[in-house]
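Chain residues, written in single-letter form:
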Amino acid sequence: MAALFLLLLAAPLFSCASVKINPLVLDEQVLWMSGQDSVFTYRIPLLTFTPKGSLLAFAEARKESARDYGSKFIATRRSTDKGATWSQMSFIRDDGSDLDGVNLGSVVVDEKAGTVILIYTVCFHLYHCSPASTMMVESKDDGLSWGSPKNLSLQIGVMNFAPGPGTGLQKRYEPNKDRLVVCGHGTIEGDGVFCILSDNNGKNWTNGAALKSIPFNQPKKLQDFNPDECQPVEMQDGSIYINVRNQNNYHCRCRIVARSFDGGMTLPIDDMYFDYELVDPAVAAAAHLKDGVMFFVNPSSEHHRVNLTLRWSLTNGKSWERNAFQIWHGPSGYSCMTSLNSYSGEDKKYIFIIYEKGKKDIDESILFAKIHLYGGL
Ligand SMILES: *[C@@H]1O[C@H](CO)[C@@H](O)[C@H](O)[C@H]1NC(C)=O
Ligand SMILES: *[C@@H]1O[C@H](CO)[C@@H](O)[C@H](O)[C@H]1NC(C)=O
Ligand SMILES: *[C@@H]1O[C@H](CO)[C@@H](O)[C@H](O)[C@H]1NC(C)=O
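If you're wondering where the values come from, they're calculated on a predicted model, not measured in any experiment.

## Let's talk about the sheet that holds strand S5 (residues 90-94)
Whenever strands of a sheet pair, they do so through backbone hydrogen bonds, lying parallel or antiparallel.
Then step 1. A sheet is described by the order of its strands in space; here four strands give the open sequence S2-S3-S4-S5, paired in antiparallel fashion. Strands with a single pairing partner mark the edges of an open sheet, and in this sheet they are strand S2 (41-49) and S5. Neighbour-to-neighbour, the strand axes of the sheet open up by a mean angle of 25°, direction not taken into account.
Then step 2. In this sheet, S5 lies alongside strand S4 (residues 72-79) in antiparallel orientation, the contact comprising three bridges. Looking across to S5, one finds that phenylalanine 73 is bridged to aspartate 94.

## A few points about the pairing of strand S22 (residues 306-313)
Then step 1. Among the eight residues in S22, six count as buried, and that is most of the element.
Then step 2. Judged from the six bridges that link them, strand S21 (residues 293-299) and S22 form a sheet pairing that is antiparallel. Pairing of asparagine 298 across the sheet is with threonine 309, part of S22.
Then step 3. A loop of six residues connects S21 with S22, the two strands running antiparallel in sequence.
Then step 4. The sheet contact formed by S22 and strand S23 (residues 325-338) spans four bridges and is antiparallel. Each bridged residue has a counterpart across the sheet, and for threonine 309 the counterpart in S23 is glutamine 326.

## Quick notes on the sheet that holds strand S7 (residues 115-122)
Then step 1. Here five strands make up an open sheet; going across it, the order is S9-S8-S7-S6-S11 and the pairing mixed. Lying at the two open borders of the sheet, with one neighbouring strand each, are strand S9 (150-151) and strand S11 (166-167).
Then step 2. Judged from the two bridges that link them, strand S8 (residues 133-139) and S9 form a sheet pairing that is antiparallel. The residue bridging methionine 136 from the neighbouring strand is lysine 150, located in S9.

## With respect to the pattern of salt bridges
Then step 1. Taken as a whole, this structure holds 17 salt bridges when the rule is applied.
Then step 2. Residue aspartate 95 pairs with lysine 63 through a salt bridge whose shortest N-O separation is 3.8 Å. You can see aspartate 95 sitting in the loop between S5 and strand S6 (102-110) and its partner lysine 63 sitting in the loop between strand S3 (55-62) and S4, a full 32 residues away along the chain.
Then step 3. Note on aspartate 95: relative accessible area 9%, which makes it buried.
Then step 4. For lysine 63, a relative accessible area of 18% translates into the label buried.
Then step 5. The salt bridge partner of lysine 82 is aspartate 347, with a shortest N-O separation of 3.0 Å.

Rules and cut-offs
Residues numbered from 1 in each chain as written. Chains lettered and ligands numbered in written order. Predicted model: local features only at pLDDT ≥ 70, side-chain atom pairs only at ≥ 80, totals over all residues. Heavy atoms only, no water. Pairing = 2+ DSSP bridges. Helix = DSSP H or I, 4+ residues; strand = E, 2+ residues; numbered from the N terminus. Axes fitted to C-alpha atoms, helices over the stretch in contact; angles between N-to-C directions. Buried < 20%, exposed > 50% of the residue type's maximum accessible area, 1.4 Å probe, protein only. Salt bridge = Lys/Arg side-chain N within 4 Å of Asp/Glu carboxyl O.

Quick look at the structure:
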């Protein structure tokens, strides 16, 4: 009787969180292959779930060359069965033959409004064009169609702002519950991490936090402080953790972590730190919090974009579990990660990753991977 009682008492504790994480790639699919559909290179993958539980994948389709500038379209594919099958590619924006066209980007899901917002840049590199503009498109039908682009520079001012690349967030906790937070970086000399905020479901945006490079607005040298591409994550205490590319390898060849305790208004230097465990070759990486576990993906190498690795932290990113999981040993670049809210036991088991993967070069293809967190058991 006593044993039975103990068993019943213990049962609710035996949730996935107490089972050891031991990842396994359950399914892997090529979403884009460079050269396919007359596109030179696909790069900068983004991945999110919609409020209705569909998966949306995005990438820059670089039409003529692999360069960051040049003409592109924003490619998208959609899955209504959690990544088992995908729609044919369609495009959201096509910049025609612009010399410095669209660049991705940050995708943010507004659970309250039931919408998906994509924020991107045009003319980011000021290559035969001026000025750079921050643009937004919105889908009100689960990613099937997209409205006409809005020029956010009219609200936040004209600046070189490259959102993400990755996901923005909607605050679930106070302070500033329901706020949309999108973070990105400036360009070349005026680099740094900048966040833009909306308190009315993406209708109006204002400038929030800035963590500026040093020396700001001046040419950089090796090992200057130059925070760059970044991924914000809301923590369960309502603070925002931002995992940042350390462009000039200031202090270490590792990630910078910036934090905001006021809903994205400030990123105090006092709360910033270097995460020595997250060795990094200066690249856009993925971070995601699921059921209190922080996940991180990057090419884990000091000098090369190889060895795409999934790590996890049971201490809000303060330390990382030793048994990291290698997703791909070879060339690998930018990545983005998502999961479904764990309403069902089934959804607790999976995270979904999109990343740049190749045999010789990182930009050969864009892969989708469904990871079973307990699958290796
Ligand atoms: C966006 O608005 C700014 C500010 O008015 C303007 O300078 C820029 O040309 C606009 N960009 C586009 C793509 O319309
Ligand atoms: C929000 O933006 C619209 C234009 O898009 C403007 O008419 C309105 O005044 C703005 N509201 C606030 C509160 O700034
Ligand atoms: C891959 O990353 C893991 C985790 O950081 C590291 O232990 C390992 O040495 C790396 N392998 C290579 C070949 O860089």
